[in-house]
Amino acid sequence: MSIKVQRILNIATVLIALSTLPLMGLQNIKRFLPVSILIGIIEVINALIGKKRRWWVFYNKPNSYLFNEFPFNIGLFLVTSLWLMKWSYGKFIKFILLNGIGNAFFAYPFAKFARKIKYFTLVRLNHLQFFFYFFSKVFLFYGFQYLFEKYKKPN
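Residues numbered from 1 in each chain as written. Predicted model: local features only at pLDDT ≥ 70, side-chain atom pairs only at ≥ 80, totals over all residues. Heavy atoms only, no water.

Enquirer: Describe the overall build of the protein chain, naming the residues involved and giving the relevant values.
Expert: Helices and strands together make up the secondary structure of the protein chain, namely 6 helices and 2 strands. Along its sequence from the N terminus, the protein chain presents helices and strands in the succession α-α-α-β-α-α-β-α. The C-alpha atoms of the protein chain give a radius of gyration of 16 Å, which matches the 15 Å a tight globule of 155 residues would have. Counting only C-alpha atoms and orienting by the principal axes, one finds that the protein chain spans roughly 50 × 30 × 25 Å. (Helix = DSSP H or I, 4+ residues; strand = E, 2+ residues; numbered from the N terminus. Rg over C-alpha atoms; globule rule 2.2 N^0.38 Å.)

Here it is, written out as structure tokens:
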């Protein structure tokens, strides 16, 4: 994949994901955004560790976080986490199942497709490890939201 195509794909991914936010409603965004940002920060740290340990590599240069992982984190990861919270918060089993399905999709067919089009490839992680890399954050995410709701001051 050329750098130009990757940039277009990155921008499109972020814009399409962010364009769905108005459909969520301002109240839901306000409710779930703080914890989504917190988990997003944890994901940034994990992504930097993963890049350093070569768990995956992106084919194109520059080999920077902003050019490679950031569009996934700000687009797909953040927005999807908001939607999953909206659809399933308060229903733990549903939350786990939806996240498991989404993470499995990203770790298996999407990662294989990304390798085929020369976007990124897994190097020191296999697909199952990549799945657990994402799925491990699900429990933190739900737990943080639970604590946030429990200790939030009523309006």
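From this point on, the discussion continues.
Enquirer: Describe the nonpolar core, and please don't skip the residues or the numbers.
Expert: Judged by nonpolar contacts, the single largest core of 37 residues is most densely connected at Trp 56, Phe 95, Phe 120, Phe 130 and Tyr 133. For this core, the secondary structure elements donating two or more residues are α2 (21-24), α3 (26-52), β1 (56-58), α4 (70-88), α5 (92-116), β2 (120-122) and α6 (127-151). Top element by residues in this core is α6. It accounts for 8 residues. Sequence-distant contacts of Tyr 133, defined by excluding residues within four places in its chain, comprise Glu 43, Asn 46, Ala 47, Trp 55 and Trp 56. (Core = buried A, V, L, I, M, F, W, Y, C linked by side-chain atoms within 4.5 Å. Buried < 20%, exposed > 50% of the residue type's maximum accessible area, 1.4 Å probe, protein only. Contact = heavy atoms within 4.5 Å.)

Enquirer: Got a sec to walk through the layout of surface pockets? Specific residues and values, please.
Expert: Which parts of space are left empty comes out when a probe the size of a water molecule is rolled across the atoms. In this structure, the largest pocket occupies an estimated 550 Å³ of space. Counting residues per element, the lining of the largest pocket draws most heavily on α4, at 7 residues. Its residues placed into classes, the lining of the largest pocket shows 17 nonpolar, 6 polar and 3 charged. Taken as a whole, the second largest pocket encloses approximately 220 Å³ of empty space. Around the second largest pocket, the lining residues are Ala 12, Thr 13, Ile 16, Ala 17, Thr 20, Leu 76, Val 79, Thr 80, Trp 83, Leu 84 and Trp 87. Counting residues per element, the lining of the second largest pocket draws most heavily on α4, which supplies 6 residues. Partitioned by chemical class, the residues of the lining of the second largest pocket number 8 nonpolar, 3 polar and no charged. (1 Å grid on protein atoms, 1.4 Å probe; cavity = no way out; pocket = protein on both sides within 12 Å on 5 of 7 lines; lining within 4 Å. Points joined across faces, edges and corners; volume = space filled by probe spheres on them. Nonpolar A, V, L, I, M, F, W, Y, C, P; charged D, E, K, R; others polar.)

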